[in-house]
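Notes for the structure review
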Amino acid sequence: MTRVVGVLLAAGAGTRMGRPKALVIGDNGEPWVRTAARVLLDGGCDDVLVVLGAEAEQVRVHLKRLRDVVAEDWADGVAASLRVGLAEAGDADAALVHLVDLPDVGADVVRRIIAGADDAALARATYGGRPGHPVLMGRNHWAAVIADVTGDHGARDYLDSHDVVEIDCSDLASGRDVDRPPGETNDSATGHGSMLDG
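Being a predicted model, the structure only gives us computed values, none of them experimental.

1. Points about the pairing of strand β2 (residues 47-52)
Burial analysis of β2 places six of its six residues in the buried class, the great majority of the element. Of the two faces of β2, the one holding D47, L49 and V51 and the one holding V48, V50 and L52 are both buried throughout. With six bridges connecting them, strand β1 (residues 4-10) and β2 associate as parallel partners. Within β2, the position partnered with A10 by the bridge is L52. Traced from β1 through helix α1 (residues 32-42) to β2, the parallel crossover comes out right-handed. When β2 meets strand β3 (residues 67-70), the two strands line up parallel, connected through four bridges. The residue bridging V50 from the neighbouring strand is D68, located in β3.

The following block contains the structure:
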């Protein structure tokens, strides 16, 4: 049975947002970090690892029983968080990498992307032909990705140079990241209270 860990990148300071995006409160009354973790669990991830950075202690308060790791060099860009997340992903067969600032990406997108998960998988969500998140990486790719990623590019160059399965999710979400204070957010995830509550 394939085991998938959700790797949630939530380390950024959110300069344009005015605070870490992990701490932005959505329409459901939860901070984005908690909602995004719930989306990963409800979508079928067996576990979630949250990569922290800016204001890590304040963000950690909202994680309850979820695992977390701090990317000490988070300010160097998303690559730093991705390296740490994959290095700490444990014994899973695949990692589903997701970003904290995609409030309209729900559990239905996660389910669609992880449907073909195995240790060799390489797949990503697309929205109207645009590549986006989440991104599925089988563990066979982890070491190469860790060695390859730099700065704010994340795994873009690695993905562009490999045969990636692109899975259209534009019927489910826009996949747009939110960089400025939102007027409205959208999230459809529910459940998994045992790991996120109490």
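That shown, we press on.
2. Quick notes on the packing of α1 against helix α4 (residues 107-114)
One way to put it is that α1 packs onto α4 with a least axis distance of 8 Å and a crossing angle of 45°. Relative to α4, the element α1 lies oblique. The way α1 lies across α4 gives a crossing that is right-handed. Judged by residue contacts, V39, L40 and D42 of α1 engage A107, V110 and R111 from α4. Its residues assigned to classes, the contact of α1 with α4 comprises four nonpolar, no polar and two charged.

3. Description of the side chain of T35
Summarising the element assignment, T35 is placed in helix α1. Classification of T35 by relative accessible area gives buried; the value is 6%. A polar side-chain atom of T35 sits 3.1 Å from a polar atom in the side chain of N28.

4. A closer look at unusual backbone geometry
A cis amide bond, omega 5°, links H133 with the succeeding residue P134. Within the element layout of this structure, P134 appears in strand β6 (residues 130-138).

5. Concerning the layout of surface pockets
For the largest pocket, the calculated volume is near 1,100 Å³. Lining the largest pocket we find 41 residues, and of these V78, L99, D101, D152 and D177 sit closest to its centre. Put simply, the parts of the chain that give the lining of the largest pocket at least two residues each are β1, α3 (78-87), β4 (94-99), β6 and α6 (156-160). A total of six residues in the lining of the largest pocket trace back to one element, the largest contributor, which is β6. Residues belonging to the lining of the largest pocket are distributed by class as follows: 19 nonpolar, ten polar and twelve charged.

6. Some details on α1
In terms of burial, α1 is largely enclosed, as eleven of its eleven residues are buried. All buried positions along α1 are accounted for by W32, V33, R34, T35, A36, A37, R38, V39, L40, L41 and D42. Where α1 terminates, the next one or two residues include G44, which has phi positive at roughly 115°.

7. What about the nonpolar core?
V33, L96, L136 and M137 are the most contacted members of the largest nonpolar core, which totals 66 residues. Among the elements that make up this core, the one with the highest residue count is α1 (seven residues). Residue contacts for V33: discarding those within four places in its chain leaves L8, A10, A22, V50, V59, H62, L63 and V100.

8. Some words on the pattern of salt bridges
Inspection of every chain in the model, using the stated rule, returns eleven salt bridges. Between D73 and R83 there is a salt bridge whose closest N-O contact spans 3.7 Å. Separated by ten residues along the polypeptide, D73 in the loop between β3 and α3 and R83 in helix α3 bring together distant segments of the chain. Using a relative accessible area of 26% as the deciding quantity, one classes R83 as partly exposed. A network of salt bridges, in which partner residues are shared, links E30, R34 and R38.

Rules and cut-offs
Residues numbered from 1 in each chain as written. Predicted model: local features only at pLDDT ≥ 70, side-chain atom pairs only at ≥ 80, totals over all residues. Heavy atoms only, no water. Buried < 20%, exposed > 50% of the residue type's maximum accessible area, 1.4 Å probe, protein only. Helix = DSSP H or I, 4+ residues; strand = E, 2+ residues; numbered from the N terminus. Pairing = 2+ DSSP bridges. Right-handed = clockwise from strand over helix to strand, strands pointing away. Axes fitted to C-alpha atoms, helices over the stretch in contact; angles between N-to-C directions. Parallel < 35°, antiparallel > 145°, perpendicular 65-115°, else oblique. Left-handed = near helix turned anticlockwise from the far one by under 90°. Contact = heavy atoms within 4.5 Å. Nonpolar A, V, L, I, M, F, W, Y, C, P; charged D, E, K, R; others polar. Polar contact = N/O pair within 3.5 Å; in protein donor to acceptor, adjacent residues only side chain to side chain. 1 Å grid on protein atoms, 1.4 Å probe; cavity = no way out; pocket = protein on both sides within 12 Å on 5 of 7 lines; lining within 4 Å. Points joined across faces, edges and corners; volume = space filled by probe spheres on them. Core = buried A, V, L, I, M, F, W, Y, C linked by side-chain atoms within 4.5 Å. Salt bridge = Lys/Arg side-chain N within 4 Å of Asp/Glu carboxyl O.

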